[in-house]
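Structural features, examined
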Amino acid sequence: MNLIEKELRVKLAAAHHIVHYHGWDDLLATHLSVRIPDTEMLLITPLNVPFEEVCASNLIKTDLNGNIIGDNGYTVMLQATNIHAAIYRKSNTIQSAMHTHSTYGVAVSALSCGLLFFNQQSLRFYDDVAYHDFNGLALENEGDEIVESLKHKKVMVLRNHGLLTTGKSLEEALYLLYYLEKVCELQIKTLSTGQKLIEIPDKLCAKTKAQFDKILSPYKEFETLVRRIKGKSRVNFND
Ligand SMILES: [Zn+2]
């Protein structure tokens, strides 16, 4: 295993612990992945391992058709490789993808209005959210259909299901997940007041989104999130 893969394994394992720390993980049914640069291989969540027990060595390596490479005693969920391998097959620019069934993410996914843009945080995603209609469990060709729906957007609301973020790096996919989860929580809590929302004009939404794009700093955010979870996990994600 080369140094790049070793470092990616540690980062992806840390991302699982960050997702768990914030309470966005499901029991065993969601998955995070990263492409090994310049290869047709990816690293992904092992099957039947809760996020808080994921570490560098139990992550699964597969090719872009979902075939497991090597044997570390673990396997992978079919839905996971169906979705993630399809993403990397279709896009050379996407290097990481993260999928959650978080409480607020699923709640927003079931709203016909989708993600609303009524606070500053949400404008990171203005005109950058794709939607994919629910079609049962992703056991067959759902991955290819999800990629079709994604087009060139960075994040997706899987209707009646959950959230998906992608990035040109693992850090970017996690940065987007952090804020998408935050915005979904804000939306549900704000709507639950039953009060009228103050709308932000489209022009101002577009201006703020462009400002966010200019100051995007997923690497600093990633370092901060790793510092936040240091010493809090019972399993060392570096192992
Ligand atoms: Zn799912």
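What this report covers is the structure whose coordinates are included nearby. Quick caveat: nothing in here was measured; it's all calculated off a predicted structure.

**Re the overall build of the protein**
Counting its secondary structure elements, the protein contains seven helices and seven strands. Here the protein has a C-alpha radius of gyration of 17 Å; the compact-globule value for 239 residues is 18 Å, and the two agree. If one aligns the C-alpha atoms of the protein with their principal axes, the spans along those axes are about 55 × 40 × 30 Å. Counting the 239 residues in the protein, one finds 39% classified as buried. Of the contacts made within the protein by residues no fewer than 6 positions apart, 70% connect residues no fewer than 24 positions apart.

**A look at helix α4 (residues 142–150)**
Turning to α4, its buried residues are G143, I146, V147 and L150. End-on view of α4: buried residues confined to an arc of 100 degrees, all on one side of the axis.

**Things to note about the sheet that holds strand β2 (residues 41–44)**
With mixed pairing, the seven strands of this open sheet are ordered in space as β3-β2-β1-β4-β7-β6-β5. Each edge of the sheet is formed by a strand with only one pairing partner; in this case those strands are β3 (60–63) and β5 (129–132). Averaged over all neighbouring strand pairs, the angle between strand axes comes to 20 degrees, with direction disregarded. Inspection of the sheet shows β5 paired to strand β6 (residues 155–158) by four bridges, in the parallel sense. Across the sheet, the residue bridging to A130 is M156, located in β6.

**Digging into the pairing of strand β4 (residues 96–100)**
The buried fraction of β4 is high, at five of five residues. Pairing geometry for strand β1 (residues 31–35) and β4, over four bridges, is antiparallel. Opposite L32, over in β4, you have M98 as the bridge partner. Two strands pair when backbone bridges link them, and β4 and strand β7 (residues 162–167) are joined in this way by five bridges, in the antiparallel orientation. Counterpart to M98 in the pairing with β7 is T165.

Procedures and definitions
Residues numbered from 1 in each chain as written. Predicted model: local features only at pLDDT ≥ 70, side-chain atom pairs only at ≥ 80, totals over all residues. Helix = DSSP H or I, 4+ residues; strand = E, 2+ residues; numbered from the N terminus. Rg over C-alpha atoms; globule rule 2.2 N^0.38 Å. Buried ≥ 20, exposed ≤ 12 C-beta atoms within 10 Å, placed from the backbone. Contact = placed C-beta atoms within 7 Å. Arc of directions from axis to C-beta. Pairing = 2+ DSSP bridges. Axes fitted to C-alpha atoms, helices over the stretch in contact; angles between N-to-C directions.

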